[in-house]
Amino acid sequence: MSQTPTTARSPRILVTGSVGQIGSELTPALRLRYGSQNVVAAGHRTPPSPALRDAGPFEIIDCSHKNSLEAVVDKYDINTIYHLAAILSAAGEKNPQAAWDVNINGLYNVLEVARERKLDRVFCPSSIAAFGPQTPRDNTPQETVLRPRTMYGVTKVAGELLCDYYFQRFGVDVRGVRYPGIISSETAPGGGTTDYAVHIFYEAIKFKRYNCFLREDSVLPMMYMPDCIKATIDLMEADVSCLTRHSDYNLAAFSFSPTELVAEIHKHLPELACTYNPDFRQKIADSWPRSIDDSAARRDWGWRPDYDLAGMVKDMLDKLGQRHALGKL
Ligand code: SER
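What counts and how
- Residues numbered from 1 in each chain as written.
- Predicted model: local features only at pLDDT ≥ 70, side-chain atom pairs only at ≥ 80, totals over all residues.
- Heavy atoms only, no water.
- Helix = DSSP H or I, 4+ residues; strand = E, 2+ residues; numbered from the N terminus.
- Rg over C-alpha atoms; globule rule 2.2 N^0.38 Å.
- Buried < 20%, exposed > 50% of the residue type's maximum accessible area, 1.4 Å probe, protein only.
- Contact = heavy atoms within 4.5 Å.
- Areas by Shrake-Rupley, 256 points an atom, 1.4 Å probe, with all protein chains shown as cover.
- Lys, Arg positive; Asp, Glu negative; His and termini not counted.
- Charge placed at Lys NZ, Arg CZ, Asp CG, Glu CD.
- 1 Å grid on protein atoms, 1.4 Å probe; cavity = no way out; pocket = protein on both sides within 12 Å on 5 of 7 lines; lining within 4 Å.
- Points joined across faces, edges and corners; volume = space filled by probe spheres on them.
- Nonpolar A, V, L, I, M, F, W, Y, C, P; charged D, E, K, R; others polar.
- Phe/Tyr/Trp six-rings, centres within 6.5 Å; stacked < 30°, edge-to-face > 60°.
- Polar contact = N/O pair within 3.5 Å; in protein donor to acceptor, adjacent residues only side chain to side chain.
- Near = heavy atom within 4 Å.
- Pairing = 2+ DSSP bridges.
- Axes fitted to C-alpha atoms, helices over the stretch in contact; angles between N-to-C directions.

J.: How should I be thinking about the overall build of the chain in this particular structure?
T.: When helices and strands are tallied, the chain shows twelve helices and 14 strands. Against the compact-globule benchmark of 20 Å for 329 residues, the chain has a radius of gyration of 19 Å, which places it among compact chains. C-alpha extents for the chain along the principal axes are approximately 55 × 45 × 40 Å. For the chain, buried positions account for 54% of its 329 residues. Taking contacts inside the chain between residues at least 6 apart in sequence as the whole, the part at least 24 apart equals 79%. Surface summary for the chain: the accessible area is close to 13900 Å², and the carbon and sulfur share equals 51%. Each charge class in the chain can be summarised by its mean position, and for the 37 positive and 39 negative side chains these summaries are 2 Å apart.

This is how it looks when you write it as structure tokens:
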């Protein structure tokens, strides 16, 4: 990450979805970088950890109600929003109506608040879920077919288009990446198709066995959380004149199948026994790419991941192993 933020005013940041998998690690990183009092963490139903709640301001927001968002933006004089509140792919298939409401109406409200109050910058993630079965699955290009078959994917494609519209039409500086599956040790993900790649570590350490809900050969693009945080902050701090895109940068680190992940875990924990019982999430995984061409991100804002599969596995096992030893897993 560069040393000096490039925004003109110092950021007054709101993070929606701060209690979720990415928010719970992005928020502390932003607080470290910009000052705890300048970063407001917002959640909805899930209670925050004491660390998140006590290290800086915390507010409850329902993004699908605009006034709930406006009140917090005005109270703290917010000029930058990281909008992470969303319902993921598998949860979205169980309740497509809620996924549309949260993912689309929530984003629309964020963009309207940003337009009306002339906020400096908005971050809204897209996902590999924007792709679909007709998309080329290997080294998926930046510009390609976007015909997803999940409600989550539909909201991500619509969200990318909406963000681009607000940039072109209203000059709202909104930025985003298509996150691959994110692997992390702080807060487990909920309701995603790539979640197995996190759950397996908890089960491996606690029980030395895991029952995987995807087939053993399902290759998906993945990324370790420190790279996810780095990509997010670097994109938000990039000079706008370098950016040839806004809300839809392809982003990649490494790809693997459950078998390949288990083989890497076996180097540290040979006792792990993994069984495979694919469920409805297999169909979702089968509609997503195996690997991603992220050359636009590399070219425009210098994106480059630090972690490969081996580095991620070692770090995950170290971190979760320490927590397990303390009885905190
Ligand atoms: N990790 C997400 C999911 O599995 C993809 O963005 O739904």
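That was the structure; now back to the text.
J.: Got a minute to help me understand the layout of surface pockets in this structure?
T.: Gaps left between atoms are located by rolling a probe of water-molecule size over the structure's atoms. As a volume, the second largest pocket reaches approximately 210 Å³. Lining the second largest pocket, in full, are Val19, Ser24, Glu25, Pro28, Pro47, Pro48, Ser49, Ala51, Leu52, Glu186 and Thr187. Where the lining of the second largest pocket is concerned, the elements lending two or more residues are helix H1 (23-34) and helix H2 (50-54). At three residues, H1 tops the list of elements feeding residues into the lining of the second largest pocket. Of the residues contributing to the lining of the second largest pocket, the split by class is six nonpolar, three polar and two charged.

J.: Which parts of the structure should I look at to understand the packing of aromatic side chains?
T.: Two numbers describe a pair of aromatic rings. These are the distance of the centres and the angle of the planes. One pass over the full model with this rule turns up ten aromatic pairs. The interplanar angle of 25° and the centroid separation of 6.0 Å between the aromatic rings of phenylalanine 254 and phenylalanine 256 together place this pair among those described as stacked. We note that phenylalanine 254, like phenylalanine 256, is buried. Through successive ring pairs, a cluster of aromatic residues spans Tyr82, Phe123 and Tyr179.

J.: Would you mind showing me how to read the side chain of serine 89 here?
T.: Summarising the element assignment, serine 89 is placed in helix H4 (residues 89-94). With relative accessibility at 1%, the residue serine 89 sits in the buried group. At 2.8 Å, the side chain of serine 89 forms a polar contact with the side chain of threonine 193. When near neighbours in sequence (up to four residues on either side) are disregarded, serine 89 contacts Tyr152, Gly191, Gly192, Thr193, Ile284 and Trp288.

J.: Just to check I follow, could you spell out the site of the ligand for this structure?
T.: The local shell around the ligand consists of Leu88, Ser89, Ser127, Tyr152, Gly192, Thr193, Thr194 and Trp288. Contact distances for the ligand include 2.6 Å between an oxygen atom and a side-chain N or O atom of serine 127. Bound to the protein, the ligand loses 93% of the 230 Å² it would expose on its own. Here the shell around the ligand is composed, by residue class, of three nonpolar, five polar and no charged.

J.: What should I look at first to understand the side chain of glutamine 21 in this one?
T.: Mapped onto the secondary structure, glutamine 21 falls in the loop between strand S1 (13-16) and H1. At 3.0 Å, the side chain of glutamine 21 and the side chain of serine 184 are in polar contact. When near neighbours in sequence (up to four residues on either side) are disregarded, glutamine 21 contacts Ile182, Ile183, Ser184, Thr187, Ala188, Pro189, Val198 and Met225.

J.: I tried to follow the sheet that holds strand S11 (residues 220-224) on my own but got confused; where do I start?
T.: In a beta sheet, neighbouring strands pair by backbone hydrogen bonds and run either parallel or antiparallel. A sheet is described by the order of its strands in space; here three strands give the open sequence S9-S11-S13, paired in mixed fashion. What marks the edges here is a single partner per strand, and that holds for strand S9 (181-183) and strand S13 (254-256). When the angles between neighbouring strand axes are averaged without regard to direction, this sheet yields 45°. One ladder, built from three bridges, connects S9 with S11; its direction is parallel. When the sheet's bridge partners are listed, isoleucine 183 is paired in S11 with tyrosine 224. Contacts between helix H8 (residues 225-237) and the sheet are confined to S9 and S11, with S11 contributing the most and set at about 85° to the helix.

J.: Would you take a moment to explain the sheet that holds strand S12 (residues 249-250) for this structure?
T.: The strand order across the open sheet built from three strands is S6-S8-S12, with neighbouring strands paired in parallel fashion. The open sheet terminates on both sides in strands that have one partner only, identified here as strand S6 (126-127) and S12. Pairing analysis gives two bridges linking strand S8 (residues 177-179) to S12, with the strands arranged parallel. Paired with arginine 178 across the strands is asparagine 250, a residue of S12.

J.: Sorry if this is basic, but what is going on with the pairing of strand S4 (residues 80-83) here?
T.: Along a regular strand, successive side chains alternate from one face of the sheet to the other. Neither face of S4 is left uncovered, since the one carrying Thr80 and Tyr82 and the one carrying Ile81 and His83 both have all their residues buried. Here four bridges tie S1 to S4, and the two strands are oriented parallel to one another. Each residue of the ladder has a partner; that of threonine 16, found in S4, is histidine 83. By the bridge criterion, three bridges tie S4 to strand S5 (residues 121-123) in an arrangement that is parallel.

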